[in-house]
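Observations on chain architecture
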Amino acid sequence: MSLLYRSTLAAVILLSQVQPVAANNFGSDWNHTCDSTYASQCMGWWVNGYQEFVLYAVNAPQAEATRYACTYIFNPVTNLECTEPPTTPVFGVDVYDESYGTIYYAWTACASVATMGGSSASHTRSCVPQQLRYDLSHAAAFDTVDKRRKIACHEFGHTYGLRHSTEGTGTCMTAVATDSTVVGISAHDKSHLNGYYQ
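This text gives an overview of the structure that appears in the document. (Residues numbered from 1 in each chain as written. Predicted model: local features only at pLDDT ≥ 70, side-chain atom pairs only at ≥ 80, totals over all residues. Heavy atoms only, no water.)

Observations concerning helix α3 (residues 145–160)
Between its first and last C-alpha, α3 extends 23 Å over 16 residues, near the 22 Å set by a 1.5 Å rise per residue. Across the 16 residues of α3, 13 count as buried, placing the element largely inside the fold. At the C-terminal side of α3, G161 shows a positive phi close to 110°. (Helix = DSSP H or I, 4+ residues; strand = E, 2+ residues; numbered from the N terminus. Expected span 1.5 Å × (residues − 1). Buried < 20%, exposed > 50% of the residue type's maximum accessible area, 1.4 Å probe, protein only.)

Structure (structure tokens):
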């Protein structure tokens, strides 16, 4: 057995042993800015897990997916409340959809006039309001109810502080939401949310 092969094998075994510990990072990502660009990695600034959203000329299929994610995926989580108020929200996510022509199916970012909070050191950088944008130039990513709901779930997960999962495809928080085998979040995701929002 060559030295290179043994070193590689040892590295693979080591990585496979530590991966579950790193699964499902939570909070803002200090490697990225907390701003209004699609590279922003900033969680929403929600008072005790309360979040509102408003749909700005969002097409009916994507509006349904957004409402589904809020009502059936995040509302049932202990200490979270997600709602669509009759007026413009104060602690909210502004939701848009159009063909933006980016490489992303969707993203969340701070609004250009957002109020910032939290800290980089504790990975709690936050902003309100946030904007969720669905990029409909990726038609194949939005061509079924399940795909639309997975993408909405993924983006709402980011607003609550969930980052991309390393657990595999058993959560909508997998890096590519449409690769998920479920329309929902994992028990691990829920444990992060329950731990943070108390």
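Moving on from the coordinates now.
Some details on the nonpolar core
A general tendency of soluble globular proteins is for nonpolar side chains to be buried together. Grouped together as the largest cluster of nonpolar side chains are 33 residues, with contacts concentrated most on F53, F74, V95, Y134, I185 and L193. Take this core: its biggest share by element is 6 residues, from helix α2 (residues 60–74). With residues up to four places along the chain from it excluded, the contact list for V95 reads F53, V54, L55, Y56, V58, T66, L132 and Y134. Counting residues in hydrophobic clusters, the runner-up holds 6 residues, among them C34, C110, A111 and A114. (Core = buried A, V, L, I, M, F, W, Y, C linked by side-chain atoms within 4.5 Å. Contact = heavy atoms within 4.5 Å.)

Overview of the pattern of salt bridges
Two side chains that carry opposite charge are able to pair once their charged atoms sit near each other. In this structure the tally under the stated criterion is 3 salt bridges. For R67, the salt bridge is made with E84, and the minimal N-O distance between the two is 2.7 Å. Of this pair, R67 sits in helix α2 while E84 is found in the loop between β3 (81–83) and β4 (92–98), placing the two residues 17 residues apart along the sequence. Between D143 and K147 there is a salt bridge; the shortest N-O distance is 3.0 Å. Owing to a relative accessible area of 48%, D143 belongs among the partly exposed residues under this scheme. (Salt bridge = Lys/Arg side-chain N within 4 Å of Asp/Glu carboxyl O.)

A look at the pairing of β4
Taking burial as the measure, the 7 residues of β4 include 5 buried ones, the bulk of the element. Here β4 runs beside strand β6 (residues 126–135); their pairing, made up of 6 bridges, is parallel. Bridging from a neighbouring strand, V93 pairs with Q130 of β6. (Pairing = 2+ DSSP bridges.)

So, the side chain of Q62
Looking at the secondary structure, you find Q62 in helix α2. In this structure Q62 touches D97, Y134, F142, R148 and A152, once residues within four positions along its chain are discounted.

Notes on the state of the cysteines
Within the structure shown, the criterion is met by 3 disulfides. In this model C110 forms its disulfide with C127; the gap between the sulfur atoms is 2.2 Å. What sets the handedness of the C110 and C127 disulfide is the S-S torsion sign, and at about -95° it is left-handed. Here C110, found in strand β5 (residues 106–117), pairs with C127, found in strand β6; they are 17 residues apart in sequence, far enough to count as distant. Across the pair, C127 and C110 agree in class, each one buried. (Disulfide = S-S within 2.5 Å.)

Re the environment of Q51
By the element assignment, Q51 lies in strand β2 (residues 50–55). Residue class for Q51 comes out buried when judged on its relative accessible area of 0%. A polar contact of 3.1 Å, which involves the side chain of Q51, links it to the side chain of T159. (Polar contact = N/O pair within 3.5 Å; in protein donor to acceptor, adjacent residues only side chain to side chain.)

A look at the packing of α2 against α3
Put simply, α2 and α3 touch, their axes get as near as 8 Å, and they point 55° apart. On the basis of the axis angle, α2 is oblique to α3. In the packing of α2 onto α3, the handedness of the crossing is right-handed. Only V145, R148, R149, A152, C153, F156, G157 and Y160 of α3 make contact with α2, whose side of the interface consists of P61, Q62, E64, A65, T66, Y68, A69, I73 and F74. Counted by class, the contact of α2 with α3 contains 11 nonpolar, 3 polar and 3 charged residues. (Axes fitted to C-alpha atoms, helices over the stretch in contact; angles between N-to-C directions. Parallel < 35°, antiparallel > 145°, perpendicular 65-115°, else oblique. Left-handed = near helix turned anticlockwise from the far one by under 90°. Nonpolar A, V, L, I, M, F, W, Y, C, P; charged D, E, K, R; others polar.)

Here's the deal with unusual backbone geometry
The omega torsion of the bond from V128 to P129 falls at -5°, within 30 degrees of zero and hence cis. If you trace the backbone, P129 turns up in strand β6. Within the chain, A57 stands out as a residue other than glycine whose phi angle is a positive 50°. Residue classification places A57 among the exposed residues on the basis of a relative accessible area of 78%. Of note, N79 is a non-glycine position whose phi angle comes to about 70°, a positive value. Of note, N79 is situated in the loop between α2 and β3.

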